[in-house]
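Single-letter residue listing:
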Amino acid sequence: MTPYPVVELKAIELREVALPLVRPFRTSFGEEREKRTILVRTIGDDVEGWGECVASAEPRYSEEWLDGAWMALERWMAPGVLGGEVKRPGHVVERVRWIRGHRMAKAALEAAVLDVWLRKAGVSLSYYLSGVRDRITCGVSVGIAPTVEEMLEEIRGYLAKGYRRIKMKIEPGRDLAVVRAVREALPDTPLSVDANGAYTPAHTPLFEALDELELMMIEQPYDTEDLMDHAALQARLRTPICLDESIRSARDAAAAIRLGACRVINIKPGRVGGILEAKRVHDVALRSGVPVWIGGMLETGVGRAANLALAALPGVTLPGDTSASDRYFPQDLTEPFVLNPDGTMAVPGGPGIGVEPLPDRLEACTVRTSLIKP
Ligand code: NPQ
Ligand code: MG
């Protein structure tokens, strides 16, 4: 492996940005109308790095939320990393390990340190992680729409662009009829559903009905904490269960696989506390023969770039939610990521994450900043 240069961090900047979405994104836990996120900028002597925090404005997807992540980063995490030597990227997580939880905040800081490091070394994140692909196949996540017709129209638009897998968001009351109608209209399209934990074992008959629709997977039907009930459901279904919210570490992944709680895992670096832990989730799954894919949290180009690097790993054998910039934003923060007509997208090959925010866009989208010095 490349010997790492020493990067003297002079400061860490936090920057909250807000970007308009192309359309509201509705899930079982709520509706997002604009994207707000924290960017972490690591400022070295002659290089800079970027990381993105996926905590949303309200703690709906998980217990983390944007203002909480901001405070944890500002008060403890950034000072902790600035206050001592960070000789390799793994040291970031070690320095903030005493802080319980707050994985999305930790992940953003680790990503920014990784990026500055790799830029100084001239190495791409994909190369550093031992990625095996320079392009990855993409799927798209479709929010809950008021009518089947609207949902179908949106889906047909994505298929025309080349997306290789459609994931439909479901919630109690908007599930079987909609999914069945879409399946009938599109008999050969790779389809999956994501419940974001909105159901309980009382809904077992619903999942048995969905089991007849040749879905690629059913994502996170039950609550985050419910590994045992997921295992009981998986035993009744042919369709693989994919866990998202329930997998918060490589240890969770190993437990879920051993229990038979899932047959697929959605990997998101923010949810598991960092890119390096995400790689370990991948490694656990690969050793167990469990296919994985890279999820999405409506990231700007900064977070999207890191997700694409992870998607180049050998065990990532399913199309993920790594969609193009224009799926979410009229204007991204970075140069836009563009889908090829065959439904693939290029993995950035430049040093670090390979992209950076466009200065004018960054200024125009910034809501607040905080500069933390040693
Ligand atoms: C999922 N993502 O797989 C998540 C859920 C999600 C692309 O379906 C702001 C921040 C809005 C995080 C909306 C996709 C979000 C968000 C949805 C996460 O479960
Ligand atoms: Mg999900």
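In this convention, every chain numbers its residues from 1, walking through the sequence in written order. Labels are handed out in written order, letters beginning with A for the chains and numbers beginning with 1 for the ligands. Given that the model is predicted, a residue must reach a pLDDT of at least 70 before its local features are reported, and side-chain atom pairs must reach 80 or more before they are shown or counted; all residues, however, enter totals for whole chains, interfaces and linings. Side-chain numbers here rest on the full set of heavy atoms in the structure, without hydrogens or water.

Novice: Is there a simple way to explain the overall build of the protein chain in this structure?
Specialist: In this text, helices come from DSSP runs of H or I with a minimum length of four residues, and strands from runs of E with a minimum of two, each type numbered from the N-terminal end. Looking only at helices and strands, the protein chain features twelve helices and 13 strands. Taking 2.2 N^0.38 as the reference for a compact globule, 374 residues should give roughly 21 Å; the C-alpha atoms of the protein chain span a radius of gyration of 20 Å, in line with that estimate. If one aligns the C-alpha atoms of the protein chain with their principal axes, the spans along those axes are about 60 × 40 × 35 Å. When the accessible surface of the protein chain is summed, it comes to about 15000 Å², and 51% of that surface belongs to carbon and sulfur atoms. Positive: Lys, Arg. Negative: Asp, Glu. His and the chain ends are not part of the count. Think of each charge as sitting on NZ of Lys, CZ of Arg, CG of Asp or CD of Glu. Here the protein chain contributes 46 positive and 52 negative side-chain charges, whose respective centroids are spaced 4 Å apart. Using C-alpha atoms as the atom set, the radius of gyration is obtained and then compared with a globule rule of 2.2 Å times the number of residues to the power 0.38. To be clear on the numbers: accessible area is Shrake-Rupley with a 1.4 Å probe, and residue cover counts the displayed protein chains and nothing else.

Novice: What's the story with the coordination of the magnesium ion (ligand 2) in this structure? I'm lost.
Specialist: Each pair of donors in an ideal octahedron of six around a metal sits at 90 or 180 degrees, and each pair in an ideal tetrahedron of four sits at 109.5 degrees. Every protein donor of the magnesium ion (ligand 2) is listed here as Asp194 (OD), Glu219 (OE) and Asp244 (OD), and their distances to the metal cover 2.1 to 2.3 Å. Listed donor atoms are N, O and S within 2.8 Å of the metal (Na, K and Ca: 3.2 Å). As water is not included, a site may look incomplete. Donor residues binding the magnesium ion (ligand 2) come from one chain and are separated in sequence as D-x24-E-x24-D. Residue Asp194 is found in strand 7 (residues 191–194), and its partner Asp244 is found in the loop between strand 9 (241–243) and helix 9 (250–259); the two are separated by 50 residues along the sequence. Residue burial is assigned from relative accessible area. The probe radius is 1.4 Å, only protein chains are included, and a residue is buried under 20% of its type maximum, exposed over 50%, and partly exposed in between. For Asp244, a relative accessible area of 0% puts it in the buried group.

Novice: Please explain the nonpolar core as it appears in this structure.
Specialist: Considering soluble globular proteins, one finds that nonpolar side chains tend to be buried as a cluster. Judged by nonpolar contacts, the single largest core of 90 residues is most densely connected at Leu125, Met168, Phe207, Leu210 and Ile265. With seven residues, the top contributor of residues to this core is helix 11 (residues 301–311). A contact between two residues is defined here by any heavy atoms of the two lying within 4.5 Å. The contact partners of Leu210, leaving out residues within four places of it in the chain, are Ile170, Leu176, Val179, Leu215 and Ile218. Within the second largest apolar cluster, 35 residues are counted, among which are Ala55, Val116, Trp117 and Met297. By nonpolar core is meant a set of buried Ala, Val, Leu, Ile, Met, Phe, Trp, Tyr and Cys residues that side-chain atoms within 4.5 Å join together.

Novice: Is there a simple way to explain helix 3 (residues 103–121) in this structure?
Specialist: The α-helix advances 3.6 residues per turn, and as a result positions three or four apart in sequence lie on the same side. Given the number of residues in a helix, its expected span is that number minus one, multiplied by 1.5 Å. The terminal C-alpha atoms of helix 3, which comprises 19 residues, lie 26 Å apart, in line with the 27 Å expected from a rise of 1.5 Å per residue. With 16 of 19 residues buried, helix 3 lies mostly within the body of the structure. Looking one or two places after helix 3, you find Gly122, whose phi comes out positive at around 75°.

Novice: How should I be thinking about the sheet that holds strand 2 (residues 30–43) in this particular structure?
Specialist: Strand pairing within a sheet occurs via backbone hydrogen bonds; the two strands may be parallel or antiparallel. Should DSSP find at least two bridges between two strands, the strands are regarded as paired. Ordered in space as 3-2-1-13, the four strands form an open sheet in which the pairing is antiparallel. Of all the strands in the sheet, just strand 3 (48–53) and strand 13 (366–372) have a single pairing partner and so form its edges. Averaged over neighbouring strand pairs, the angle between their axes works out to 25° when direction is ignored. Note that strand 1 (residues 11–27) and strand 2 share 13 bridges and pair antiparallel. Bridge pairing in strand 2 places Leu14 opposite Val40. Each axis is a line fitted through C-alpha atoms, and for a helix only the stretch in contact is used; angles between axes span 0 to 180 degrees, taken between their N-to-C directions. On the sheet, helix 3 packs against strand 1, strand 2 and strand 3 and is oriented at approximately 160° with respect to strand 3.

Novice: What's the story with the site of ligand 1 in this structure? I'm lost.
Specialist: Contacts to ligand 1 come from 20 residues, most closely from Ser141, Lys167, Lys169, Asn196 and Gly296. In protein, a polar contact means a hydrogen-donor-capable atom and an acceptor-capable atom, both N or O and within 3.5 Å, with residues adjacent in sequence counting only if both atoms are side-chain atoms; elsewhere, any N or O pair within 3.5 Å suffices. Contact distances for ligand 1 include 3.0 Å between an oxygen atom and a side-chain N or O atom of Asp194. Taking Glu219, its side chain carries an N or O atom lying 3.5 Å from an oxygen atom of ligand 1. Its free accessible area being 440 Å², ligand 1 has 99% of it covered by the protein chains. We call a residue near a molecule or strand as soon as one heavy atom of that residue lies within 4 Å of the molecule or strand.

Novice: So what exactly am I meant to see when it comes to the environment of Arg263 here?
Specialist: Inspection of the secondary structure assignment puts Arg263 in the loop between helix 9 and strand 10 (264–267). For Arg263, a relative accessible area of 38% gives the class partly exposed. Placed 35 residues apart in sequence, Arg263 and Met228 show a C-alpha to C-alpha distance of 14 Å. For Arg263, the contacting residues outside a window of four places in its chain are Gln234, Leu237, Arg238, Pro240, Ile241, Val290 and Pro291.

Novice: Sorry, what's going on with the pattern of salt bridges here?
Specialist: Any two side chains of opposite charge can pair, so long as their charged atoms come close to each other. In what follows, salt bridge is the name for a side-chain nitrogen of Lys or Arg lying within 4 Å of a carboxyl oxygen of Asp or Glu. Per the counting criterion, the structure on display carries 31 salt bridges. Across the salt bridge formed by Lys167 and Glu219, the nearest N and O atoms sit 3.0 Å from each other. Of the two residues, Lys167 is situated in strand 6 (residues 166–169) and Glu219 in strand 8 (residues 218–219); the sequence distance between them amounts to 52 residues. By relative accessible area, which is 2% here, Lys167 ends up buried.

Novice: What's the story with the pairing of strand 1 in this structure? I'm lost.
Specialist: Working note: regular strand, side chains alternate between the two faces of the sheet. Burial of strand 1 is extensive: twelve of the 17 residues sit out of reach of the surface. Hairpin connection from strand 1 to strand 2: two residues lie between these consecutive antiparallel strands. Both strand 1 and strand 13 contribute to a ladder of six bridges, which runs antiparallel. Paired with Arg15 across the bridge in strand 13 is Thr369.

Novice: Would you take a moment to explain the environment of Thr369 for this structure?
Specialist: Position of Thr369 relative to the elements: it lies in strand 13. Sequence separation of Thr369 and Thr147 is 222 residues, and the distance between their C-alpha atoms is 41 Å. Dropping the residues within four chain positions of it, Thr369 is found in contact with Leu14, Arg15 and Trp70.

Novice: How do you make sense of the packing of aromatic side chains when you look at a structure like this?
Specialist: To describe a pair of aromatic rings, you give the distance between the ring centres and the angle between the ring planes. Two rings from Phe, Tyr or Trp (for Trp, the six-membered ring) form a pair when their centres sit within 6.5 Å of each other. Planes less than 30 degrees apart are called stacked, planes more than 60 degrees apart edge-to-face, and all others tilted. Enumeration over the complete set of coordinates arrives at seven aromatic pairs. Between Phe25 and Tyr328 the ring centres are 6.0 Å apart and the planes differ by 85°, which places this aromatic pair in the edge-to-face class. In this pair, Phe25 sits in strand 1 while Tyr328 sits in the loop between helix 11 and strand 12 (344–346), placing the two residues 303 residues apart along the sequence. For the pair Phe25 and Tyr328, one class covers both residues: buried. Between Tyr199 and Phe207, the ring centres sit 5.1 Å apart and the planes meet at 80°, which makes this aromatic pair edge-to-face. Residue Phe207 is classed as buried on the basis of its relative accessible area, which comes to 0%. Through successive ring pairs, a cluster of aromatic residues spans Phe25, Tyr328 and Phe329. In this analysis the charged atom, NZ for Lys or CZ for Arg, is taken to sit over a ring once it is within 6 Å of the ring centre and within 35 degrees of the ring normal. The ring centre of Trp70 lies 4.0 Å from the NZ or CZ of Arg368, which sits over that ring.

So yeah, pure geometry; function would need other evidence.
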